[in-house]
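One letter stands for each residue in the lines below.
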Amino acid sequence: MLNVSIYRYNPEVDDEPYMEDFQFDTEGKDIMVLDVLEKLKIKDPTLVFRRSCREGVCGSDGVNISGKNGLACITPLSEAVKGNKLVIRPLPGLPVIRDLVIDMSQFYAQYEKIQPYMINNSPAPTIERLQSPEERSKLDGLYECILCACCSTACPSFWWNPDKFIGPAGLLQAYRFLADSRDTATEERLARLDDPFSVFRCHGIMNCVQVCPKGLNPTKAIGHIRNMLIRSAT
Amino acid sequence: MVTTVTSFGRSGLSDWLVQRVSAVVMTAYLIFIVGYLLLNSDVSYQQWAGLHSGLPMRMFSLLTMLSVAAHAWIGMWSVLTDYITVRTIGPKAKAIRIFFQLGMIAMILVYLLWAVDILWGI
Ligand code: SF4
Ligand code: SF4
Ligand code: FES
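In short, a report on the structure.

Turning our eyes to something else, we now look at the site of ligand 2. All names here are of chain A. Neighbouring ligand 2 are C155, P168, C202, H203, G204, I205, M206, N207, C208, T219 and I222. Secondary structure elements with two or more residues in the shell around ligand 2: α8 (207–211) and α9 (218–233). Looking at side-chain class alone, the shell around ligand 2 contains seven nonpolar, four polar and no charged residues.

The structure is reproduced here in structure tokens:
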């Protein structure tokens, strides 16, 4: 039997959060952490978590699994269980709404700040704005982000200043639009980032890179933004 | 864009650059001093005072002190705005942080003037 310890908190009845222990029979199979949650929810329907696609595409089931942020649906028990124990907590740093569900408003507010949409005021061509294969390839490693928040909630700089520091997820997307040959607002975008918090609160700790379930590298993107800021200022 | 008045330069980029450049200056000074002491392990007071009385050396020392001052200001400001905030310690944080920031700035300026006094007093 596997020991599963889950963070529980229902603000309507609990004074404070607590860890609840469950015994779980894996039947010897290496299933995903999300499967465990689903089965436990059948036994205890009050257990609350987010999920949708159950295949690492939607980004809704980011949780802290035995100390490391990740998507429950694509994290197998063989990676998550330590000493026959599985510990599941909500993503750290943001307010908990209930059990494993967190309030992501601050995360989205930072995302909104970087204007995550194409800005180009020149008249639209009849069919589409074309890119060369080289220009398109600059977006690889950036556009794949599913906004699961695993990175930003693993980042100490984001924990301390979630209202001022954009965080790795937002900055990866900021660079996604800075790097897009079709976007014409590069200078305006850079000007909005040149304060002591938005970008420069990143201290290169690289927790974000370590946890990203899509294998993306926000630290590298942040380095590119910094270089663009240096170039535009000199 | 997050605006702040107590940071060193107003822009994140300039703070970042100052932090890098000052680190290089301090490292160069450290290597020079340690190297000098290793090569002259039996240095006398006259020699040591002589080294520090030349204008280039005084400039180098002063530049290093300015670097220490700027580096400390930026570094301490970052630490204070990480840990002494309303979110970490509650509503009193603003007053406490301003107190520490002003204290820190005053201390840095005193050290700087003191260093000038020492350097030109040799
Ligand atoms: S960069 Fe990775 S960890 Fe961060 S939000 Fe995007 S997919 Fe999730
Ligand atoms: S590299 Fe930067 S963004 Fe990533 S976890 Fe560290 S401080 Fe946060
Ligand atoms: S449920 Fe969609 S990413 Fe896990």
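In this section: the side chain of S61 of chain B. Structurally, S61 of chain B can be placed in helix α3 (residues 55–83). Contacts of S61 of chain B, omitting those with residues within four sequence positions, involve Y29, H52 and L119 of chain B.

Turning our attention to the sheet that holds strand β4 (residues 68–71) of chain A. Residue and element names in this part refer to chain A. An order of β2-β1-β5-β3-β4 is seen for the five strands of this open sheet, with the pairing classed as mixed. Two strands close off the open sheet at either side, each with one partner strand: β2 (18–24) and β4. Mean inter-strand twist for the sheet, computed between neighbouring axes without regard to direction, equals 30 degrees. Bridge count between strand β3 (residues 62–65) and strand β5 (residues 85–89): two bridges; the pairing is antiparallel. Residue I65 lies in a different strand from β5, and its bridge partner there is I88. Lying on the sheet, helix α1 (residues 33–43) is in contact with β1 (2–8), β2, β3 and β5; it crosses β2 at an angle near 95 degrees.

Lining the immediate surroundings of ligand 1 are C145, I146, L147, C148, A149, C150, C151, A169, L172, C212, P213 and K214 of chain A. Counted by class, the shell around ligand 1 contains eleven nonpolar, no polar and one charged residues.

Residue and element names in this part refer to chain B. Among the surface-exposed residues, L55, M59, V116 and W120 lie close enough to one another that they form a single nonpolar patch of about 360 Å² accessible area. Where the nonpolar patch is concerned, the elements lending two or more residues are α3 and α5 (93–121). With respect to the helices and strands, the residue M59 is situated in helix α3.

What counts and how
Residues numbered from 1 in each chain as written. Chains lettered and ligands numbered in written order. Predicted model: local features only at pLDDT ≥ 70, side-chain atom pairs only at ≥ 80, totals over all residues. Heavy atoms only, no water. Near = heavy atom within 4 Å. Helix = DSSP H or I, 4+ residues; strand = E, 2+ residues; numbered from the N terminus. Nonpolar A, V, L, I, M, F, W, Y, C, P; charged D, E, K, R; others polar. Contact = heavy atoms within 4.5 Å. Pairing = 2+ DSSP bridges. Axes fitted to C-alpha atoms, helices over the stretch in contact; angles between N-to-C directions. Patch = residues over 30% accessible without salt bridge, like charges linked within 9 Å, V, L, I, M, F, W, Y side chains within 5 Å. Areas by Shrake-Rupley, 256 points an atom, 1.4 Å probe, with all protein chains shown as cover. Salt bridge = Lys/Arg side-chain N within 4 Å of Asp/Glu carboxyl O.

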